[in-house]
Amino acid sequence: MSVEILDKIKEQTAVLSKQEKSALANYLLNQTKEDNLKKSVNEEMQRRQLEWLKANREKYAGQYVALDGETLVGQGATIKEAKKQAKQNGAENPFLIRVFSEETIVSAGL
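Cut-offs applied
- Residues numbered from 1 in each chain as written.
- Predicted model: local features only at pLDDT ≥ 70, side-chain atom pairs only at ≥ 80, totals over all residues.
- Heavy atoms only, no water.
- Pairing = 2+ DSSP bridges.
- Helix = DSSP H or I, 4+ residues; strand = E, 2+ residues; numbered from the N terminus.
- Core = buried A, V, L, I, M, F, W, Y, C linked by side-chain atoms within 4.5 Å.
- Buried < 20%, exposed > 50% of the residue type's maximum accessible area, 1.4 Å probe, protein only.
- Contact = heavy atoms within 4.5 Å.
- Axes fitted to C-alpha atoms, helices over the stretch in contact; angles between N-to-C directions.
- Patch = residues over 30% accessible without salt bridge, like charges linked within 9 Å, V, L, I, M, F, W, Y side chains within 5 Å.
- Areas by Shrake-Rupley, 256 points an atom, 1.4 Å probe, with all protein chains shown as cover.
- Salt bridge = Lys/Arg side-chain N within 4 Å of Asp/Glu carboxyl O.

Caption draft 1: Representation of the pairing of strand β2 (residues 71-76) in the model. Pairing analysis gives five bridges linking strand β1 (residues 64-68) to β2, with the strands arranged antiparallel. In the strand pairing of β2, Tyr64 is matched with Gly76. Counted along the chain from β1 to the antiparallel partner β2, the turn is two residues long, and its residue Gly69 has a positive phi close to 70 degrees.

And the structure:
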């Protein structure tokens, strides 16, 4: 958010009553709590997905996998194949990744 927009919001709150300011403060506090909870849930899911990848890396090395949460919903030689399987298995927005064996060295071209 730009500083200008934030300054305008602050100016607009100056005309609010004490009750309205309190309601706004509570709303913002709840939004912050919800954002923190979502972040915590996302971080936990990422941790679980990483654990799944570590536990299954040799079995799926060289393939693309699609995870719905920490559940395998698709796999294939291409990302397109893995995504297609995931969609057929009801995954709306799967996590897609190519799995490499532990010994594989991946170069990022840096």
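Next comes the rest of the description.
Caption draft 2: Structural detail: the pairing of β1. Relative to strand β3 (residues 95-98), β1 is paired through four bridges, and the arrangement is antiparallel. Pairing of Leu67 across the sheet is with Phe95, part of β3.

Caption draft 3: Summary view of the nonpolar core. Membership of the largest hydrophobic core is limited to six residues, which are Trp52, Leu53, Tyr60, Val65, Leu67 and Val99. Apart from residues lying up to four places away in sequence, Tyr60 is in contact with Trp52, Val65, Leu72, Gln75 and Val99. In this structure, Val73, Ala82, Ala86 and Ala91 belong to the second largest nonpolar core, which totals five residues.

Caption draft 4: Quick peek at the sheet that holds β2. Spatially, the three strands line up as an open sheet ordered β2-β1-β3, and their pairing is antiparallel. Each edge of the sheet is formed by a strand with only one pairing partner; in this case those strands are β2 and β3. Geometrically, the sheet is characterised by an average inter-axis angle of 25 degrees between neighbouring strands, direction not taken into account. Each of β1, β2 and β3 is contacted by helix α2 (residues 18-56), which is oriented at about 145 degrees to β1, the strand it contacts most. Along the sheet, helix α3 (residues 79-88) makes contact with β1, β2 and β3, crossing β2 at roughly 140 degrees.

Caption draft 5: Quick look at a nonpolar patch on the surface. A cluster of nonpolar residues, Ile5, Leu6 and Ile9, forms a patch on the protein surface that exposes about 230 Å² of accessible area. One can find Ile9 in helix α1 (residues 3-13).

Caption draft 6: View of the pattern of salt bridges. Enumeration over the complete set of coordinates arrives at four salt bridges. Note that Glu44 and Arg48 form a salt bridge whose closest N and O atoms lie 3.4 Å from each other. Of this pair, Glu44 and Arg48 both sit in helix α2, four residues apart, which is roughly one turn of the helix. What makes Arg48 partly exposed here is its relative accessible area of 34%.

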